[in-house]
Structures are given as structure tokens and as C-alpha cells.
Amino acid sequence: MADDFVMTVDSDAEDDKFRDDDEDAFKLNPDIEFDLAQDFAFGSEPTPQDLVVTSSKPAPISVEDIIARRKLTALTTNSKKRKRESVAEEPASEEEADDWQEDEESLSRADELDGSESDASSNDEDEDGESAEESEGSENDSDSEGSQSDTQMEKARKAAFFDDSLEASETHSSFLTMNLSRPLLKSIAALAFTKPTPIQAATIPMALLGKDVVGGAVTGSGKTAAFLIPILERLLYRDKSKKGTATRCLVLVPTRELALQCYEVGTKLGSNTDIRFCVIVGGLSLKSQEMALRTCPEVVIATPGRLIDHLRNSPSFNLDALDILVLDEADRMLEDGFADELREIVSACPVSRQTMLFSATMTDSVDDLVKMSLKRPVRLFVDPKRSMAKGLVQEFVRVRAGREAERSALLLALCQRSFKHRVIVFLRSKKLAHQLRTVFGILGLKCEELHGDLSQEQRLEALRAFKEGRVDYLMATDLASRGLDIKGIETVINYDMPSQLAQYLHRVGRTARAGKKGRSVTLVGEADRKMLKAAIKHSSGEDTVRHRVVPPESILLCSKKLDNIKSEIEAVLAEEKEEKGLRKAEMELKKGQNMLEHEKEIFSRPARTWFQSAKEKEAAASKSKDKYAANFGGLPKTEDTSSKPKRDKFSGLSRKAKRRKLAAEEDAEMGDSKAVSASIREAKRSSRPKKIGEAQAPASRSALKAGKKKKSTKVPGGRKGSSFEKDLGNRGAAKEGVRAKQGDVVGGMSKKRKGAKPGQKHKR
Ligand SMILES: Nc1ncnc2c1ncn2[C@@H]1O[C@H](COP(=O)(O)OP(=O)(O)OP(=O)(O)O)[C@@H](O)[C@H]1O
């Protein structure tokens, strides 16, 4: 029966409240005074706030200010009007106030009705229960279920690809048995990590052995520390001489906020060591990042686009000495939208590196993983059958056919009746997030928004306000769905249901983290039934799925409320648009003035080169956008998504022709600066330090000579472009024209190594 699957919520009682631990106070960076542009410089342990400094840019336009201003104006006009009329108060304003009072009373009356409504809800329950039953038979609900339906051939490929011999390693119930150094154990204790989580117990010993790792464990299970702890431990044994100073570890993440969070965890774990971290993300000052990279921080945490910018344009920065590459949220990073960037970054990393990939929805599909040139990785999937945190209760609210327009009223009813604090609401578009944030603001609910249309400063401020509890609601797009660890989120509301299970799992995974309890509430339309089944199927245990019924009276009241403020919403949005237009005009004017005043200086700056042209960037972005939009296939559209993907200048060309065209363009753009970059690259290469754990060669002349000789055996065409192509299987071609020299140790190689090309010791 339905009851076996979906229980109806007949009470609005909240689960235990969560406490949000205060963030550690960090010292201010003493170097900051040297940054003349008032940019952030690295060296101590700054908070993400320190990474965004007040610049000369005008303060961003705040919808909150506009709402407050309008309320104030309305208040003064009303009081003036009242004074003028000097009659007994009766009409409009009082009526309005009564309306509000009535609304609030009716809402609380409706609260009481909730229990009695459960009868009415039983019909719904049957229908949902039915779908739940159907779900049992369905095998094809999600993208992460591939491993269950592996063909024999895929199984054989996986057996050949992964190193399963190490899977059943010893388990550790304490960090003390993991051979970690004292400074690390000290910071682990300071973070109150009393014992390793299962993914940490599985990963740390393997990572310390230098093995490549593909790891998966539910959201909030401590994957960040699982890779940061072994990184730090390995880095403690690096060559600390001047020559050994280099960037040794790169952590790639899909969003800026996640990079900043990872940076925070890293600096906390490394607080008793001399290991330096640096965060490289878009939206923050290039100049200060360049300065930080010049000091060769051991660990760089980055988003791909900005990292490539530095690889291309910061002459002293490279990844030639990289020992460890980590991809957090790896399944996302392996998606199409990041493919080109990832290929570029991987080709800049030495082949001999250790590579680790993590995600709560990690794939073990060989086709996907082959892009990362892993070396017989170990699969560490902790509890693969469970995809959700144990403490998570999933609730679903039905949106009936033909009543899609009621979603906003439903959300409002849920927030005003039941979910009043620490709620993150996920929406499918930036526009919708902004609209609802405006609605909540007008209705006096404390709310912030987080999406890609905001400046980085605004994004961080919104996150901070939510973390510190200054606002109760965060209207977010999927920008916030992965990785963010905000303590004490009680409820995640999905305004709409994504059609990808992975996306759903990451969204609801923002609550019930690290063993805590949490609740997700999802509005489910008729088109979302398939996903509903998948979500129920992947629930963490018995009695963790509920069917929530919102009384129709409440929905009606909220609809009325929304209707009443419709003109106010439009006015606020129009005012905001107007202000934005004015601000833009001001900026253009300032830009023009600057150009006139500093023309010489501006044009004398070296031109930056770009990994992708503006058009290509646009194409990659629209690819991602299309895919994202497709994830909400069944939902009504509020935005115009009809634009066709544009044909880019490379479409229809073969890979070879594309490369040729690209090179010709680069030549035309850069002239002889290419020769300069080539010599810079060569200089970097010759000063490359030893790998972690490698014996230090004596810095004698003969050793240096030998080093040079080795380099001279590189494949013509240089390092770039070769390693990744080869990773993809072009090994044979690269060997052409390279002859073994006298003294080359061929006999000492295993049979496998004999086939490798010279220089492969260093680069794949
Ligand atoms: N050993 C431990 N003991 C107690 N708490 C821990 C331990 N390891 C990590 N945590 C805490 O667990 C929380 C979640 O950790 P983390 O953000 O690394 O999860 P995650 O698995 O990466 O999640 P997601 O998949 O959402 O990215 C953090 O607040 C962290 O401080």
C-alpha cells in the first residue's frame, strides 16, 4: 500500500534545531599593505572575505535598498495624506493592514487544519504511492545507476582499468593509526575530527601510497579532508630548498565558492605546517593572484578558467613540478562544459603525477575517466548503494496538473507556515531566483540570492549573510548545489525537480551533513514523477520519505498575497533596471575618461592571450546552459531558451584542421611573442624541482648536463599538446623520429617501458 512508501506529514513540528558553529577568526594578512591596488595578497590565513576587497567600483545595486526606499516613501506619503485629510482613519491603508492581519490569522488557522486535511490527502497519497511502487521495477531512473547494469564487456574494461587488488585494505578507526605527522594530527584534533569518516579511512592510506584514486561517498561525509590530509602529509616531505619551491598540488573545483571553502579547510588543516595555499578563481583580482603565484604556493585551489588564464599569462607560473592533481566534484568537471579546459590543464601537468577524483555521485565509467590519464586507479566507493545521508528526510509536495502557476504560492505557504529559518531554496534559473528574492523582500522575509548574475562580491556577501544567520532564506541556482558546507542548514526546498538524479542528490545534500539531521522539501509536478520514483528509491532508509500536504486555503491566501504585491514587484524590478542602466552609463563614461587619460600606459601593457576566444567561451557556456536547461525538461519555461546553438568557426573541421587554424590564428595574434613564450617555457623546465619522495640528485655539473640530455630527447613539438593526445591513445605516433642514444637505459626497462617514448618518465 501507499503507506509503505510515502507517509503524509500531519504535523508541522520541526526536527531538532541545528547550531551553526562560529567561523574561526583568522589573522589579517600582514602583506596586504604591499598590494597597491588594494588587492588581497597571500601569506597568512585569510578568510574568503579577505579575498574580496573594497575596490574603486561603486557599491552594487541592492534590491533590498530599493524595497526599503519604496516602503519609506510609501509610509511618508501615507502619513502626509492622513495629515492632509485629518479625518478618522478608515480607507485604503487600514484596509490593507486588516488584510495582512487576516492573512496571518488565516494562515495560523490553516496550520491547525493540517491534521484534518490528511484525509483529503490520502487520495494524493495513493497516487504517489502508486508511483513509488512503479519505481521498484524501474531500473533506468538515474545516470548514476550505470554500474548496476554494466555489460560483461564494461565489467572487463573496468577490471583492466582499476586496481582492485588494493580494495580490501586495512580499515582505520582512528587517525592515530594512519602514520600521520604530529602537526597534522594536531590540526585534525583542533577541528574536532575525533575519528575518520569511512571515506577518509579508505582514502588516506591509499593516497599516502601515491595511488591514483576514484572516490565516492554521500554528501557531507568528509571527502574534502579525505584528500587534503594525505596531500598535506605528503607535502611535509617535499624538497624544501629554494630549488624545490614550486606548486606541488592542484585542486580543481567547479565553482568559486567551493574553491574558497576548500581553501579554508586546507588552511585550517595545514595551520601547523609551513605549507602555503593559494586560491585562484574568477571574479577576484588577477593582479593579486599573479603576485601570490609568483611565491610558488605549494597548493593551488582553482576553478579551471582562471587557472588557464594564469598558465597562459603569468610567465613564472607553471604546473611542471606538480605531484598531485585533485578533481573535487569530479563527475561535474568531467562533463562537456569543462572538457576543453580540463584537457588544457591536464596537458600542462606532468604525467607522473598522482591523480585523485571525488564526488558524491562519482562515476566509474571508464570512458569518462580515461580523459584523466589515471594510472590503475583504486576505486573507493563507500557504501555505493546508499546515495543519501542517513539523517535526511525527504518530503514531496504535489503540484497538480494545470496548477503549475501555484508554485510560488506553495513556496510562500511552506516558508510562512513551516520552514522559517536556515532554508536554502533551489531554483532552475537566475531570473527566478532574483524574482523570488524580491517577492520575499517585499513580504518582509529575510532573504538573499546566490547565482551567477551577481558580482563575486555580492555572491560572497550573500553566502556570508546566510551562514551568519542574518537572513533566513537563500534563493540559489545550482551554483550552490555542489560541495557547499554551510553548517546548520535545516531545510532544502526544491522549487522544481531536476531531471538528473545527481543534481537532486547534490541539492538535498546541502542539509543532513556530517551525521546531522535535515529535511528536503521538493515541489513535484506531473512531469517529475520519474524523478520522484528515483529519489524515493535512493532514500537513505525506512521512514525517511513523506508526502507533505499544504492546505488549499493557505495556497489561496498566498496566491492572493502575491497578486496584491504584483504591481509592487514590477515597480521594484523596473526601478532596479533603471538604476542598472544609469550605473552602466556611468561606468562607460569613466572607462572612456580613463582611456583618454591613460591611453599610452594601457596600450603599452602586454596583451593577454586567451585559451578560448569570446565566441568559443560563449559556445561552451551555451552548451552547458542547454544541458542544464534539458535537466528541467518537463517544466514550464519562464525564460526564453529558444536560441539555437551557434555554429562556431571550427565546426565541421577535422581535429587536424582545427589545430592548424588555431595555430595560424595564434601566430597572427602573437607574432614573435611565441618564441619568447617558448624560451620562458624552456627556462621553467630546466629549473623544475624534484618530485616528493624522489632522492635529491647532487647539483653537480654532470648531473645538470645529464638532465639537459634527458630533456633533449623530448618529442619534437614540445610538451604541450603531446601528453594529452597520447593519453587518449596516440602513443605510437609520438615515437616517430626519436632515436635512442648511447647510454639510454633501455635494458633496465620492463617490457612495457620499452615501448614508451623518451621523456615519458616525466610526461605521459
Ligand atoms: N572526521 C570527521 N569528523 C567529524 N566531522 C568531519 C570529519 N571530516 C569532515 N567532517 C565535517 O563534515 C562536514 C562535511 O565535510 P565535506 O564538506 O568535506 O563533505 P563532502 O563529502 O565533501 O560533501 P559534498 O559531497 O557535499 O561535497 C564538514 O563540516 C566537515 O568539517
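Residues numbered from 1 in each chain as written. Predicted model: local features only at pLDDT ≥ 70, side-chain atom pairs only at ≥ 80, totals over all residues.

The protein is annotated in an unreviewed UniProt entry as RNA helicase of Sistotremastrum niveocremeum HHB9708. As its UniProt record puts it under Subcellular location (unreviewed entry), the protein is described as follows: "Nucleus". For the record of the protein, the UniProt heading Sequence similarities (unreviewed entry) holds the text "Belongs to the DEAD box helicase family." (UniProt positions renumbered as here; feature names shortened; annotations may be inferred.)

**Student:** Which parts of the structure should I look at to understand the overall build of the protein?
**Tutor:** When its secondary structure is counted, the protein shows 27 helices and 15 strands. Within the protein, the proportion of its 764 residues that are buried is 39%. When contacts within the protein are restricted to residue pairs at least 6 apart in sequence, long-range pairs at least 24 apart make up 80% of them. (Helix = DSSP H or I, 4+ residues; strand = E, 2+ residues; numbered from the N terminus. Buried ≥ 20, exposed ≤ 12 C-beta atoms within 10 Å, placed from the backbone. Contact = placed C-beta atoms within 7 Å.)

**Student:** Would you take a moment to explain the site of the ligand for this structure?
**Tutor:** Inspection of the region around the ligand gives 17 residues, with F193, G222, K223, T224 and A514 positioned closest. Per element, the largest residue contribution to the shell around the ligand is three residues, and it comes from helix 7 (residues 223–235). Partitioning the shell around the ligand into residue classes produces five nonpolar, nine polar and three charged. (Near = placed C-beta within 6 Å. Nonpolar A, V, L, I, M, F, W, Y, C, P; charged D, E, K, R; others polar.)

**Student:** Is there a simple way to explain the nonpolar core in this structure?
**Tutor:** Considering soluble globular proteins, one finds that nonpolar side chains tend to be buried as a cluster. Within the largest apolar cluster, 145 residues are counted, with the highest numbers of intra-cluster contacts made by A259, I301, V425, L474 and A476. No fewer than three residues from each of domain 1 (159–381) and domain 2 (392–568) sit in this core. Contacts of A259, omitting those with residues within four sequence positions, involve V253, V279, V281, I301, A302 and T303. (Core = buried A, V, L, I, M, F, W, Y, C linked by C-beta atoms within 7 Å. Domains from an automatic or database assignment.)

**Student:** Would you mind showing me how to read the domain arrangement of the protein here?
**Tutor:** Interfaces are often sized by the accessible area lost when the parts come together. For the protein, the assigned domains are domain 1 (159–381) and domain 2 (392–568). In this structure, domain 1 and domain 2 have C-alpha centres spaced 31 Å apart. Each side of the interface is counted separately: domain 1 has 17 residues, and domain 2 has 15 residues. Secondary-structure elements contributing two or more residues to the side of domain 1 that touches domain 2 are helix 8 (256–269) and helix 11 (330–333). Element by element, the count of residues in the side of domain 1 that touches domain 2 is highest for helix 8, at four residues. Looking at the side of domain 1 that touches domain 2, its residues break down into five nonpolar, six polar and six charged.

**Student:** Just to check I follow, could you spell out the UniProt feature "coiled-coil region" (unreviewed entry) in the protein for this structure?
**Tutor:** Under the UniProt annotation, "coiled-coil region" (unreviewed entry) lies at residues 559–602. Within residues 559–602, the helical portion is 98% and the strand portion 0%, while the C-alpha atoms at the span's ends are 55 Å from each other.

**Student:** Hey, could you run me through unusual backbone geometry in this one?
**Tutor:** Working note: non-glycine residues mostly have negative phi, and peptide bonds are mostly trans. A positive phi angle, close to 55°, is found at E329, a residue other than glycine. Within the element layout of this structure, E329 appears in the loop between strand 6 (324–328) and helix 11. We note that S373 has phi near 50°; this positive angle belongs to a residue other than glycine. Topologically, S373 is positioned in the loop between helix 13 (366–369) and strand 8 (378–381). On the neighbour-count criterion, S373 (20 C-beta atoms within 10 Å) is buried.

**Student:** Hey, could you run me through the packing of helix 15 (residues 430–442) against helix 20 (residues 566–604) in this one?
**Tutor:** Helix packing for two helices is described by the angle between their axes and how far apart those axes are. Viewed as axis vectors pointing N to C, helix 15 and helix 20 meet at an angle of 120°, and their least axial separation amounts to 10 Å. Like other packed secondary-structure pairs, helix 15 and helix 20 cross with a definite hand, here right-handed. Along its contact with helix 15, which presents T438, V439 and I442, the element helix 20 presents E568, I569, V572 and L573. Of the residues belonging to the contact of helix 15 with helix 20, the class tally is five nonpolar, one polar and one charged. (Axes fitted to C-alpha atoms, helices over the stretch in contact; angles between N-to-C directions. Left-handed = near helix turned anticlockwise from the far one by under 90°.)

**Student:** Any chance you could explain the UniProt feature "domain: Helicase C-terminal" (unreviewed entry) in the protein here in plain terms?
**Tutor:** The positions UniProt marks with the feature "domain: Helicase C-terminal" (unreviewed entry) are residues 391–563. Taken end to end, residues 391–563 is 38% helix and 20% strand, and its two terminal C-alpha atoms sit 38 Å from one another.

**Student:** Help me understand the sheet that holds strand 4 (residues 277–280) in this model?
**Tutor:** The strands making up a sheet associate through hydrogen bonds between their backbones, and the pairing can be parallel or antiparallel. Spatially, 4-5-3-6-7-2-8 is the arrangement adopted by the seven strands of the open sheet, whose pairing is parallel. The two strands at the open ends of the sheet, each matched to only one other strand, are strand 4 and strand 8. When strand polarity is set aside, the average angle formed by the axes of neighbouring strands in this sheet is 15°. Where strand 4 meets strand 5 (residues 299–302), four bridges bridge the pair, whose relative direction is parallel. Bridge pairing links V279 to I301 in strand 5. The strands that helix 10 (residues 304–313) touches are strand 3 (249–252), strand 4 and strand 5; relative to strand 4, the one it contacts most, it runs at about 105°. (Pairing = 2+ DSSP bridges.)

**Student:** Help me out: how do you make sense of the environment of K577 in this one?
**Tutor:** With respect to the helices, strands and loops of the structure, K577 is situated in helix 20. Given 11 C-beta atoms within a 10 Å radius, K577 is considered exposed. In this structure, the C-alpha to C-alpha distance between K577 and I61, residues 516 residues apart in sequence, is 9.6 Å.

**Student:** Sorry, what's going on with the environment of P60 here?
**Tutor:** Within the element layout of this structure, P60 appears in the loop between helix 1 (48–51) and helix 2 (63–85). Expressed as a C-alpha distance, the spacing of P60 and D239, which sit 179 residues apart in the sequence, is 46 Å. In this structure P60 touches S455, E457 and Q458, once residues within four positions along its chain are discounted.

**Student:** So what exactly am I meant to see when it comes to helix 15 here?
**Tutor:** Structurally, the α-helix is built with 3.6 residues per turn, so residues lying three or four positions apart point the same way. Its 13 residues give helix 15 an end-to-end C-alpha distance of 18 Å, which sits within 8% of 18 Å, the value for a rise of 1.5 Å per residue. Extensive coverage of helix 15 is indicated by the burial of 10 of its 13 residues. (Expected span 1.5 Å × (residues − 1).)

**Student:** Is there a simple way to explain the confidence of the model for the protein in this structure?
**Tutor:** When pLDDT is averaged along the protein, the result is 75; 62% of the residues meet or exceed 70. Segment residues 634–646 is flagged for pLDDT under 50; beyond a separation of four residues in sequence, or across chains, it makes 18 contacts in the model. Confidence drops under pLDDT 50 across residues 697–764; counting only partners more than four residues distant or on other chains, this segment forms 48 contacts. The ipTM for the predicted assembly is 0.99, set against a pTM of 0.70. (pLDDT = per-residue confidence, 0-100.)

**Student:** Hey, could you run me through the packing of helix 10 against helix 12 (residues 339–347) in this one?
**Tutor:** At a closest axis distance of 10 Å, the pairing of helix 10 and helix 12 adopts a crossing angle of 45°. Overall, the two elements helix 10 and helix 12 adopt an arrangement that is oblique. Seen along the crossing, helix 10 lies across helix 12 with a hand that is left-handed. Contact with helix 10, carried on its side by P304, G305, L307 and I308, involves E341, L342, E344 and I345 of helix 12 and no other residues of that element. Among the residues making up the contact of helix 10 with helix 12, the classes are represented as five nonpolar, one polar and two charged. (Parallel < 35°, antiparallel > 145°, perpendicular 65-115°, else oblique.)

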